[in-house]
Amino acid sequence: MNERLFRAVESRRDELVALTSDLIRFPTVNPPGEAYTPCAEYIGARLKQRGFQTKLVRGEGTPGDTNRYPRTNIVARREGRSPGATVHFNSHIDVVEAGEGWTVDPFAGTVKDGRVYGRGACDMKGGLAASIVAAEAFMDVFPDFPGAIEISGTVDEESGGFGGVAYLARQGLFSRPRVDHVIIPEPLNKDRICLGHRGVWWAEIETKGSIAHGSMPFLGDSAIRHMGAVLHAFEDELFPALDAKRTEMPVVPEGARRSTMNINSIHGGQTEDHFPGLPSPNVADSCRAVIDRRFLLEESLDEVKGEVTSILERLKRERPKFDYSIRDMMEVLPTMTERDAPVVTAVAEGIRQIFGREPDYVISPGTYDQKHIARIGHLHDCIAYGPGILDLAHRPDEWVGIDDMVESAKVMAISLDALLRGAAT
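Residues numbered from 1 in each chain as written. Predicted model: local features only at pLDDT ≥ 70, side-chain atom pairs only at ≥ 80, totals over all residues. Heavy atoms only, no water.

Peer 1: Please give an account of the sheet that holds strand β9 (residues 199-208) that cites residues and values.
Peer 2: Spatially, four strands are ordered β10-β11-β9-β12 in an open sheet, and the strand pairing comes out antiparallel. Every other strand in the sheet has two partners, leaving β10 (260-268) and β12 (324-332) as the edge strands with one partner each. Averaged over all adjacent pairs, the angle separating strand axes in this sheet is 15°, with direction ignored. In the sheet, β9 pairs with β12 via eight bridges, with the strands oriented antiparallel. Its bridge partner being in β12, W202 is matched across the sheet by M330. (Pairing = 2+ DSSP bridges. Helix = DSSP H or I, 4+ residues; strand = E, 2+ residues; numbered from the N terminus. Axes fitted to C-alpha atoms, helices over the stretch in contact; angles between N-to-C directions.)

Here it is as structure tokens:
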């Protein structure tokens, strides 16, 4: 029977390429959230023609949601002929800015040399297109399938997913009994199953000072110098300690199998945002740094936070006039779906049939929307699987391979067969 599925997907190769190019042509850049509504409407119109019930869901009140930039998501559902499980394919439609260095138009959906180029081709409009084609091929081959198939195009994953999957999860759209299995077609390579991701803690540290004239800094107290002491302590104490930690989680790449922290930004003192080249001679009374701490399944969130706050508290005791505040910005625990979970087993069988080898089981170094499905929807039969090479995401001349999309669509179709019809795995 799988040969029929393979032929049904293969016959849609040109359609898959065209769909991917069409999706890329919507410049759904986040921030600020451009073209979300027309992209969602396009997806909904296509799926409605294939018998899906569709609805647009706006993430009202979520970060960035305005009348100019509404957080518009599309959710589509196709009921089968009899009761059964529901398989949901979730893809984000937002992309990061194009940036510089492109040799092709980033929003043209250019097709050449067996690839589709454009911002979002890899991350993750190629995966979205592959999931749509996989579902359509499956429904054509098995029109009497039981259960239901859902496909969603959601927003804001690149900025945390709060107007997309997080909002929908709070509406019960990613929980049982509505949904049983979720596949997120992120670009983790076509022969790998991503079981989850490391944890993340974002926080903003502010050091305090006292303003004074820059020619007499001894009359003030520089918050920037205090922040320098914080960074120096991080370099001498925290970074070596993090580098020594290792995980049993199969995180890729290898360098991410340890704890890491990045200083995302630093802002202090007089800015030149409005008057370039015309700074004023002031001692900085405030300096803020945003930290991005990625942690492992073996670590607790309290431990992660304590490593930072213990340094800040020691500096407060030892450094004259040192004062600080710290503000949590985002907390996500590590997640890892079990290898024997139904969705993992189904996708693994698809990979065996298409590629003739066992899949690699990996963990993502960064988070994606699985975090909301697990923590809000309390649904843990969820993985990431899709075409594309993760290293190409967010880079100039981003592309997705046409053969990779076709093969991944076949894997997704086999997974549907296993999860809905109970085909042998």
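From this point on, the discussion continues.
Peer 1: I'd like a rundown of helix α8 (residues 342-355), residues and numbers included.
Peer 2: Along an α-helix, residues three or four positions apart point the same way, because every turn accommodates 3.6 residues. Compared with an ideal rise of 1.5 Å per residue, which puts 14 residues at 20 Å, α8 spans 20 Å between its outermost C-alpha atoms and is within 8% of the ideal. Burial in α8 covers these residues: V343, V344, A346, V347, A348, E349, G350, I351 and F355. For α8, the secondary structure elements touched by its buried residues are β7 (181-184), β8 (192-197), β14 (360-364), β15 (382-384) and α10 (402-421). Within two residues after α8, G356 carries a phi angle of roughly 70°, on the positive side. (Expected span 1.5 Å × (residues − 1). Buried < 20%, exposed > 50% of the residue type's maximum accessible area, 1.4 Å probe, protein only. Contact = heavy atoms within 4.5 Å.)

Peer 1: Quick one: what's the story with the environment of E237, residue by residue and with numbers?
Peer 2: Inspection of the secondary structure puts E237 in helix α6 (residues 223-243). Between the C-alpha atoms of E237 and S300, which are 63 residues apart in sequence, the distance is 19 Å. Excluding its chain neighbours within four sequence positions, the residues that come into contact with E237 are I311 and R314.

Peer 1: Describe in detail helix α2 (residues 13-24), supporting the description with residues and values.
Peer 2: Between the first and last C-alpha of α2 there are 17 Å, a value that for twelve residues agrees with the 16 Å anticipated at 1.5 Å per step. If you check which residues of α2 are buried, you get L16, V17, L19, T20, S21, L23 and I24. Buried residues along α2 sit against α3 (36-49), β4 (111-112), β5 (115-117), α4 (121-141), β16 (399-401) and α10.

Peer 1: Please give an account of the environment of E398 that cites residues and values.
Peer 2: Structurally, E398 is set in the loop between β15 and β16. Once the C-alpha coordinates of E398 and G388 are considered, the two residues, ten residues apart in sequence, prove to be 9.7 Å apart. The contact partners of E398, leaving out residues within four places of it in the chain, are W102, V116, Y117, G118, R119, G120, A121, C122, D123, L392 and A393. A distance of 3.3 Å separates a polar side-chain atom of E398 from the backbone nitrogen of A121. (Polar contact = N/O pair within 3.5 Å; in protein donor to acceptor, adjacent residues only side chain to side chain.)

Peer 1: Give a detailed account of the sheet that holds β5, specifying residues and quantitative values.
Peer 2: The strands making up a sheet associate through hydrogen bonds between their backbones, and the pairing can be parallel or antiparallel. Strand order in the open sheet formed by three strands is β4-β5-β16, and the pairing between neighbours is antiparallel. In this open sheet, the two strands that pair with only one neighbour each are β4 and β16. Sheet topology note: the β4/β5 ladder contains two bridges and is antiparallel. Residue pairing for β5: V111 is matched across the bridge by V116. Seen against the sheet, α4 touches β5 and β16 and runs at an angle of roughly 45° to β16. The sheet strands contacting α10 are β4, β5 and β16, and the helix crosses β16 at an angle near 60°.

Peer 1: Explain unusual backbone geometry to me, and be specific about the residues and the numbers.
Peer 2: Here the bond from R176 into P177 is cis, since omega is 10°, no more than 30 degrees from zero. On the secondary structure map, P177 appears in the loop between α5 (165-170) and β7. The amide bond that connects V252 to the next residue, P253, takes the cis arrangement and shows omega of -5°. One can find P253 in the loop between α6 and β10. In this model, N189 sits at a positive phi of 85°, which is unusual for a non-glycine residue. Along the polypeptide, N189 turns up in the loop between β7 and β8. Exposure remark for N189: the relative accessible area of 22% places this residue in the partly exposed category.

Peer 1: Break down the side chain of H197 for me, with residues and values.
Peer 2: Following the sequence through the fold, H197 ends up in strand β8. In this structure H197 comes out as buried when scored by relative accessible area, which is 0%. Within the local environment of H197, its side chain forms a polar contact with the backbone nitrogen of K371, the two atoms lying 3.5 Å apart. Among all residues touching H197, those that are not within four sequence positions of it are M249, V332, L333, P334, T335, I363, S364, G366, T367, Y368, Q370 and K371.

Peer 1: Which residues make up the layout of surface pockets, and what values do they have?
Peer 2: Taken as a whole, the largest pocket spans an internal volume of roughly 520 Å³. Lining the largest pocket are 24 residues, and of these E157, E158, G366, T367 and H394 lie nearest its centre. Here the lining of the largest pocket is built from residues that sort into ten nonpolar, seven polar and seven charged. Considered as a void within the structure, the second largest pocket measures approximately 180 Å³ in volume. In terms of lining, the second largest pocket is formed by P217, G220, D221, S222, R225, H226, V283, R319, P320 and K321. Considering only residue class, the lining of the second largest pocket consists of three nonpolar, three polar and four charged. (1 Å grid on protein atoms, 1.4 Å probe; cavity = no way out; pocket = protein on both sides within 12 Å on 5 of 7 lines; lining within 4 Å. Points joined across faces, edges and corners; volume = space filled by probe spheres on them. Nonpolar A, V, L, I, M, F, W, Y, C, P; charged D, E, K, R; others polar.)

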